[in-house]
Amino acid sequence: MEVDILITNIGQLLPMDKKGPVKGADMGELTVWNDAAVGIKGEQVVWIGSSKEAKILKASQTIDANGKLVTPGLVEPHTHLVFGGSREEEMALKQQGVPYLDILKQGGGILSTVTATQEASQEDLLEKALFHLDRMAMHGITTVEAKSGYGLNHETELKQLRVAKEAGKQHPIDIVSTFLGAHAIPTNYKEEPEAFLDYMSELFDVIKQENLAEFIDIFTETGVFSVVQSRRYLLKAKEKGFGLKIHADEIDPLGGTELAVELGAISGDHLAVTSDEGIQKLANSNTIGVILPGTSFYLGKDDYARAREMIDAGAAIAISTDFNPGSSVTENLQLIMSIAALKLKMSPEEIWHAVTINAAHAIGRGGEAGMIAIGKKADIVLWDAPNYKYIPYHYGVNHTNTVIKSGEIIYERQAIR
Ligand SMILES: N=CN[C@@H](CCC(=O)O)C(=O)O
Ligand SMILES: [Zn+2]
């Protein structure tokens, strides 16, 4: 057989090719192949076997992994990729103990990014999004979910969605788009959240027609949208054929997790303060819990999602950076893997499921992304690490050696000396 790229002498290969999403105790069972090899032709994986068997292949290019860990490209299931400006000035307020929701109430936080995004040109937003995507790719991410939500008017929300679509065309990373017009209440609708949601839902048709988003998301939170308002809005979205997501139980336990399950949302995200009942309901549902422990860390909070209890109860969990300019400013999902180990007490086996196959299922790419399997896209990372436990263990740095997206090498670490 002829292949374009042969990766051989793989120390540990994680195929992550189970039928997902992977739930509960199964998240702790990882398949590991030792001394493996992978053949790529065009965009796809066409051969998997042992390094010894790989000698029969004719390869245009051979990569000697030299005992390295090889995994699927990471899947990042929750980002606010497209935004104007930055919010480093807010850090001092956070240090003084001003709560996240108070900053928002005073017109800062999300609303200050809204002003910057409204003022930014489409070209500038695109350039900035591509820059952040480059950084994600360098860190081993090959598929990204991207939300709008810093427009809060028709024009700017559409501008954000169009930028995400264009970024997906120009960048090798695959982008899955979510409309988060219900991210905050703008000042001109301050006393009328329902009217604002009606106004945002007017965009559903054009978003469908132009194929600008697959999912509709809402921030269900104190001072933002209530459970009743969220339900009404999301039911309208469901009727139009969108998949649903909820920013649920991030700061106050309003019951967003329960709502996500009730509506059959593909994911409930954050879940930092989900109730006992919410955990049970999540575990008994097909909704994936997308946990964002970097946000708890970055907001200096003690509330971390009870991932252990969720997994022990049988839930499917994914983890994410929540990359955004306010509550979690990092493109490094490897760092989040370490925080998941340290603060969520997830095992390395669970963490690898959470950044590959389960993350793919959380954004409607189950069976396509987050796995290495014959006939699937060759999204593959070679790590400067001897085994899968090493990545969460050695924290805060980038471990990628080579990143392959759809069969193309898009990143190779350069030695300085
Ligand atoms: N909590 C709501 N939205 C974002 C934060 C957005 C921001 O602070 O700009 C989140 O997921 O954490
Ligand atoms: Zn978010």
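About the cut-offs
Residues numbered from 1 in each chain as written. Chains lettered and ligands numbered in written order. Predicted model: local features only at pLDDT ≥ 70, side-chain atom pairs only at ≥ 80, totals over all residues. Heavy atoms only, no water. UniProt positions renumbered as here; feature names shortened; annotations may be inferred. Helix = DSSP H or I, 4+ residues; strand = E, 2+ residues; numbered from the N terminus. Rg over C-alpha atoms; globule rule 2.2 N^0.38 Å. Buried < 20%, exposed > 50% of the residue type's maximum accessible area, 1.4 Å probe, protein only. Contact = heavy atoms within 4.5 Å. Areas by Shrake-Rupley, 256 points an atom, 1.4 Å probe, with all protein chains shown as cover. Lys, Arg positive; Asp, Glu negative; His and termini not counted. Charge placed at Lys NZ, Arg CZ, Asp CG, Glu CD. Donors = N, O, S within 2.8 Å, 3.2 Å for Na, K, Ca; no water. Pairing = 2+ DSSP bridges. Near = heavy atom within 4 Å. Polar contact = N/O pair within 3.5 Å; in protein donor to acceptor, adjacent residues only side chain to side chain. Nonpolar A, V, L, I, M, F, W, Y, C, P; charged D, E, K, R; others polar. Axes fitted to C-alpha atoms, helices over the stretch in contact; angles between N-to-C directions.

As recorded in an unreviewed UniProt entry, the protein goes by the name Imidazolonepropionase, listed as coming from Ornithinibacillus xuwenensis. As recorded by UniProt, the Pathway (unreviewed entry) comment attached to the protein reads in full: "Amino-acid degradation; L-histidine degradation into L-glutamate; N-formimidoyl-L-glutamate from L-histidine: step 3/3."

Let us now look at the overall build of the protein. When its secondary structure is counted, the protein shows 16 helices and 16 strands. Computed over its C-alpha atoms, the radius of gyration of the protein comes to 21 Å, within 12% of the 22 Å expected for a compact globule of 417 residues. If you line up the protein on its principal axes, its C-alpha atoms span 70 × 45 × 45 Å. In the protein, buried positions account for 59% of the 417 residues. Looking at the protein alone, contacts between residues at least 24 apart form 75% of all its contacts between residues at least 6 apart. For the protein, the computed accessible surface area is about 16400 Å², with 48% contributed by carbon and sulfur atoms. Charged side chains in the protein number 39 positive and 56 negative. The centres of these two groups are separated by 4 Å.

What follows deals with the coordination of the zinc ion (ligand 2). Coordination of the zinc ion (ligand 2) by the protein involves H78 (NE2), H80 (NE2), H247 (NE2) and D322 (OD), with metal-donor separations of 2.0 to 2.8 Å. Spacing between the donor residues of the zinc ion (ligand 2) along their common chain follows H-x1-H-x166-H-x74-D. One end of the pair, H78, is in the loop between strand 6 (74–76) and helix 1 (90–95); the other, H247, is in strand 10 (residues 243–248), and 169 residues separate them in sequence. On the accessibility criterion, H78 (0% relative accessible area) is buried.

What follows is about the pairing of strand 14 (residues 380–383). Remark: a regular strand shows side chains that alternate across the two faces of the sheet. With burial as the criterion, each face of strand 14 is covered, one bearing I380 and L382 and the other bearing V381 and W383. Summarising the sheet, strand 5 (residues 69–72) and strand 14 pair through four bridges and their orientation is antiparallel. Following the sheet pairing, L69 is matched in strand 14 by W383.

Inspection of the region around ligand 1 gives 15 residues, with Y100, Y150, E250, D322 and S327 positioned closest. Contact distances for ligand 1 include 3.2 Å between an oxygen atom and a side-chain N or O atom of H80. In the environment of ligand 1, an oxygen atom lies 2.9 Å from a nitrogen or oxygen atom belonging to the side chain of H270. The residue makeup of the shell around ligand 1, split by class, is four nonpolar, eight polar and three charged.

On to the sheet that holds strand 12 (residues 288–291), then. Across a sheet, strands are paired by hydrogen bonds formed along the backbone, either parallel or antiparallel in direction. With respect to topology, eight strands assemble into an open sheet ordered 6-7-8-9-10-11-12-13, the strand pairing being parallel. Each having just a single partner strand, strand 6 and strand 13 (317–319) make up the two edges of the open sheet. Each adjacent strand pair in this sheet contributes to an overall mean axis angle of 25°, direction not counted. When strand 11 (residues 267–270) meets strand 12, the two strands line up parallel, connected through four bridges. Paired with D269 across the bridge in strand 12 is V290. Across the sheet, helix 8 (residues 227–239) lies against strand 8 (174–182), strand 9 (215–220) and strand 10, angled at about 175° from strand 9, the strand it touches most.

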